[in-house]
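# Breakdown of the fold
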Amino acid sequence: MKNNVSENQIVALYERLSHDDELQGESYSIQNQKLLLESYATERGWFKFQHFFDDGISGTRFDRPGFLEMMNGVKDGLISTVIVKDMSRLGRDYLMVGQLQEMFRQKKVRLIAINDNHDSFKGDDELLPFKNIMNEWYARDTSKKIRSTFQAKGKAGRHVASSPVYGYIKNPDNKEQWIIDPEAAEVVRYIYRRTVEGAGPYHIARELEEMKVEMPAVHLQKLGLGLHQKVHFEEPYKWWGSTIIHLLDKYEYLGHTVNFKTQKHFKDKKSHYVEPSNWVIFENTQEPIIDQATWDIVHRIRGNAKRYPNGRGKVNPLTGIVICADCGRPMHCHRTSNGKRIDNYVCANYTKHPVGTTCPTGHRVRAENIMELIRQTLCEIRAYVEIDEESFLQEIEQSSKNGQQEEIDALKRKKELSESRVTELEGILCRIYEDNLVGKLPNNRYEILSRQYESEQSTLKEELTVINESIQKKQAIVKDGKKFLELIRKYDNFDEITPYMLNVLVEKVVVYERDRKGSVDTTQRIDIHFNFIGDYKVPQEPLSPEEQAKIDEERAKREAHKDRCHRHYERYKKTKEYDNYQKSYEGKRRARMAKLKAENPNVYGISIAQYREKVGEPKTAEVVGLV
C-alpha cells in the first residue's frame, strides 16, 4: 500500500531514550534507533523524512521537546507518517498513547511501530492495547525498583538528597558525608541569632540584602550544587522572608540526617511534601551548625503569637512570651490612648466578641512591670546562687522530679478517662444501630443520636492527640540548673534586659487577673518560667506572726478604703455631672492627641498602612491611631 504523502508533508522518524532504557543495551541508543528508522523509510522510498528525538527523558512524560515539536507538525498537517522503533518509544502511558492513536487516525496520519509489527494503514491491531499496558507496567515496575533503592538507602541513614542543604557541602574524600561550609554556616548562625534577638524573617532578609550576602541558590550554584545550575539570577542578593523561614525549619542544622521529607508519585514528577511524622531522622550524623538550646528558643519564638508592631512600628520584646493564666493564650500588646504611650498586655481571648465569654477577664498588666519583675528575679537568683549554689541545684533537681511527674500523671489520668469514654461511645453507637435495624429506634431519632455521639467521639479523639503530644513534650523536658547557670553567668548584670537575653533566659510569663480588677494599686500574681528551671522563686525568710499580722492589717485598711471609693464612684456614675465630665474630657483628650500627632507623627499615631509601606508589606486601609 502506498503512503499518501503530499508534496508539502514529511515522514517523522521519532526516537526516544530514557536513562532506564540505557541499561537495555546499545540497540536502544538514539543512534541505532535513527539507523533503524532511516533504513525502514528508505527501503520504502520515503526520502523526505525528519528526525525528532528526546534523549534521557522518561516515556511517562509527554512534555518532551522533540515529541512536542513532532506533535505540532501533526496538528499543522505537515506530517503524513510517524515511524517509531516500538510503541514504548511513543510513550509508557497506555491512556495517553491511546489518545495519540485516535488523534493520528483523525488527522489521517499513518503510525508505524517496527518491532511491534504495527501499521495503522493495515487496520486495527487487537493486541496493541495490551502491549501499551505492558509498556506502562514496565515503567511502573522500574519506578518501584528505583523507589525501593532510595528507601533502603534512606533507612540506612544515608543522605538521599542530591545536594546538601545550604550550610553544608559534600566531603571531597567521602561523598556520602556532609561537612560544614564555613561561609554559608556563618550566615545560618546569623539568621538564628537575629531571630533570638527578636527580628522577624522579613527584617532579617532585608539585612542580608543590605550586607550583600548571596542568597542560597546563588551560593550553591557557585559550588556546583543545587537545582538552579543553569539559572541566571538578576538579583543575587535578593533574600525573601520565606527563605529565612525555610532555613529556620532545617533539622539538618542540628547535625541530623532527615530523609523522606518529600515524595514523588508515578507519572508525577513534582515533589510533594509529607507530614513530619513520616520523616526518618538519624541524629548526630554530621557536625551541627546550631546547638539544641538555640533551636528550641527559635522555635518557641516562631510558635508564639505573631509579633505585630504597636502604633509606633515597634514590637515589644515580651510579645509571644506573656501568657494568660486562665485560657493559656498569648496576650496582645496594647497602648494607652492618653498620649503616654504605655505598653499594656491584655488577653487575646478576652476581647473576642462577645467580650468576656471566651476568657472572663483581660488580665491587664503593664509591660514595664513585667520587665522589672524579670530583672529583679534574675538578680535575686544570681545573688542566691553566689551564696549557696549547691542548694539551688538540689532544689531544681527535686522540683524536676516532683512537679514534672505530677503534671504527667494528671495528663495520663485525663487520657484514661477520655479513652474509656471513646470505647463507651463505640459500644453505644453499635447498640443504637442494632436497635434501629430491628425497628426499636426510629430513623430520625437514630440520626440525631448518631450525630451527637459521633461528634463527641471525634472531639475526644482530637483531645487525645493533644494530650499525647503534651505528655511527650513534658517527658522530654528535663530541668537542668547547671545549664541555666551557664546562661546567666554570661551576663555581668541585669540592669538592662535585651530581647536576646529575654528569649534566651525566659520561656514564658504567666499572668493572672489582679486581685482587684480595675485598681492600679493592687496585687497581681505573675509566674516567670525560666528556661531549664521553670517557675523558680528564690526561697524567702518566713515572716514572724507579728510582721504578718501588721501586713494583713494594712492590707485590710487599704481594701476598706478602696471599697468606700468604689461605692462613691458607682453613685457618681449615675449623675448628670458624670456624663458632662466624660463628654468634656473626651473632647480634650482627642484635641491633645491630635496636637501630639501633628507635632511628632513618627511617635504618635503611625498607621499599619504606613508601617507596612515602610517595611514593604502589602498595604491595608486599617489604621491604629487611638486604642
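Residues numbered from 1 in each chain as written. Predicted model: local features only at pLDDT ≥ 70, side-chain atom pairs only at ≥ 80, totals over all residues. Heavy atoms only, no water.

### A few points about the side chain of N316
Structurally, N316 is set in the loop between α10 (292–303) and β12 (322–324). Assessed through its relative accessible area of 12%, N316 is described here as buried. Polar contacts involving the side chain of N316 include one to the main-chain amide nitrogen of L318, which spans 3.0 Å. In terms of polar contacts, N316 uses its side chain to reach the side chain of D343, at 3.0 Å. (Helix = DSSP H or I, 4+ residues; strand = E, 2+ residues; numbered from the N terminus. Buried < 20%, exposed > 50% of the residue type's maximum accessible area, 1.4 Å probe, protein only. Polar contact = N/O pair within 3.5 Å; in protein donor to acceptor, adjacent residues only side chain to side chain.)

### Remarks on a nonpolar patch on the surface
On the surface, a cluster of nonpolar side chains totalling about 520 Å² of accessible area is made up of Y94, L95, L127, F130 and I133. Mapped onto the nonpolar patch, the elements with two or more residues apiece are α4 (94–107) and α5 (128–155). With respect to the helices and strands, the residue L95 is situated in helix α4. (Patch = residues over 30% accessible without salt bridge, like charges linked within 9 Å, V, L, I, M, F, W, Y side chains within 5 Å. Areas by Shrake-Rupley, 256 points an atom, 1.4 Å probe, with all protein chains shown as cover. Salt bridge = Lys/Arg side-chain N within 4 Å of Asp/Glu carboxyl O.)

### Examining the nonpolar core
Formed by 73 residues in total, the largest nonpolar core has its most connected members in W239, Y253, I381, F392 and L505. Other than its neighbours up to four places away in sequence, F392 contacts I381, Y384, V385, G481, F484, L485, I533 and Y536. Ranked by size, the runner-up nonpolar core spans 21 residues in total, among them F62, M71, V84 and M87. (Core = buried A, V, L, I, M, F, W, Y, C linked by side-chain atoms within 4.5 Å. Contact = heavy atoms within 4.5 Å.)

### A closer look at the pattern of salt bridges
Pairs can form between side chains of opposite charge once their charged atoms are near each other. Within this structure, the stated rule accounts for 25 salt bridges. When the shortest N-O distance is used, the salt bridge between E197 and R194 registers 2.6 Å. Residue E197 is classed as partly exposed on the basis of its relative accessible area of 29%. Of the charged contacts in the structure, one is a salt bridge between E456 and R421, with a shortest N-O distance of 2.8 Å. Residue E456 is found in helix α13 (residues 443–476), and its partner R421 is found in helix α12 (residues 389–437); the two are separated by 35 residues along the sequence. One salt-bridge network, held together by shared partners, links R525, D527, D535 and K537.

### Observations concerning the packing of helix α6 (residues 182–196) against helix α7 (residues 201–210)
The interhelical angle for the contact between α6 and α7, taken along N-to-C directions, is 140°, at an axis separation of 10 Å. One way to sum up the angle between α6 and α7 is to call them oblique. As α6 runs across α7, the sense of the crossing is right-handed. Across the interface between the two elements, V187, Y190, I191, R194 and T195 of α6 pack against I204, E207 and L208 of α7. (Axes fitted to C-alpha atoms, helices over the stretch in contact; angles between N-to-C directions. Parallel < 35°, antiparallel > 145°, perpendicular 65-115°, else oblique. Left-handed = near helix turned anticlockwise from the far one by under 90°.)

### Overview of the environment of R193
Here R193 shows up in helix α6. Among the residues examined, R193 registers a relative accessible area of 35% and is labelled partly exposed.

### Some thoughts on the sheet that holds strand β18 (residues 534–535)
Across the sheet, which stays open at both edges, the 4 strands sit in the order β12-β16-β17-β18 with mixed pairing between neighbours. Two strands close off the open sheet at either side, each with one partner strand: β12 and β18. Alignment of β12 against strand β16 (residues 506–511), held across 3 bridges, turns out to be parallel. Bridging across to β16, V322 finds its partner in V509. Across the sheet, helix α11 (residues 367–387) lies against β12, β16 and β17 (526–530), angled at about 55° from β17, the strand it touches most. (Pairing = 2+ DSSP bridges.)

### Considering unusual backbone geometry
At K108, a position not held by glycine, the phi torsion is positive, near 60°. Assignment of secondary structure puts K108 in the loop between α4 and β4 (110–113). Phi at N117 takes a positive value of approximately 55°, unusual for a residue other than glycine. Relative to the helices and strands, N117 is located in the loop between β4 and β5 (118–119).

### Some remarks on helix α2 (residues 65–75)
Inspection of α2 places G66, F67, M70, M71, G73 and V74 among the buried residues, and these make up the whole buried set. Projection of α2 onto a plane perpendicular to its axis shows the buried side chains occupying an angular sector of 155°, all on one side. At its buried positions, α2 is contacted by β1 (10–17), β2 (49–55), β3 (79–84), α3 (87–90) and α4. Positive backbone phi, approximately 75°, marks G77, located one or two places after α2. (Arc of directions from axis to C-beta.)

### What about the packing of α7 against helix α9 (residues 241–248)?
Between two packed helices, what matters for the description is the angle formed by their axes and the separation of those axes. Viewed as axis vectors pointing N to C, α7 and α9 meet at an angle of 105°, and their least axial separation amounts to 8 Å. Viewed along their axes, α7 and α9 adopt a mutual orientation that is roughly perpendicular. Contacts between α7 and α9 involve P201, Y202, I204, A205 and L208 from the former and G241, I244 and I245 from the latter.

### Re the environment of E496
Along the chain, E496 turns up in the loop between α14 (481–488) and α15 (499–505). Put simply, E496 and R375 are 121 residues apart on the chain and 7.7 Å apart in space, counted from C-alpha to C-alpha.

### Concerning the confidence of the model for the protein
Detail in the predicted coordinates should be disregarded across regions flagged by low pLDDT. Per-chain confidence: the protein averages 82 in pLDDT, with 85% of residues scoring 70 or above. Per-residue pLDDT stays below 50 along residues 614–627; that stretch engages in 28 contacts with residues further than four places along the chain or on separate chains. (pLDDT = per-residue confidence, 0-100.)

### Topic: the sheet that holds strand β14 (residues 343–347)
The 3 strands are arranged β13-β14-β15 in an open sheet whose pairing can be described as antiparallel. What marks the edges here is a single partner per strand, and that holds for β13 (331–335) and β15 (365–366). In the sheet, β14 pairs with β15 via 2 bridges, with the strands oriented antiparallel. Its bridge partner being in β15, Y345 is matched across the sheet by V365.

### Thoughts on the state of the cysteines
Enumeration according to the criterion identifies 0 disulfides in this entry. Distance from the sulfur of C324, which forms no disulfide, to the nearest cysteine sulfur (C359) is 3.6 Å. (Disulfide = S-S within 2.5 Å.)

### Re the environment of K562
Mapping K562 onto the fold places it in helix α16 (residues 545–573). Sequence spacing of K562 and S519 is 43 residues, and the spatial spacing of their C-alpha atoms is 8.6 Å. Discounting chain neighbours no more than four positions away, the residues touching K562 are R516, S519, D521 and T522.

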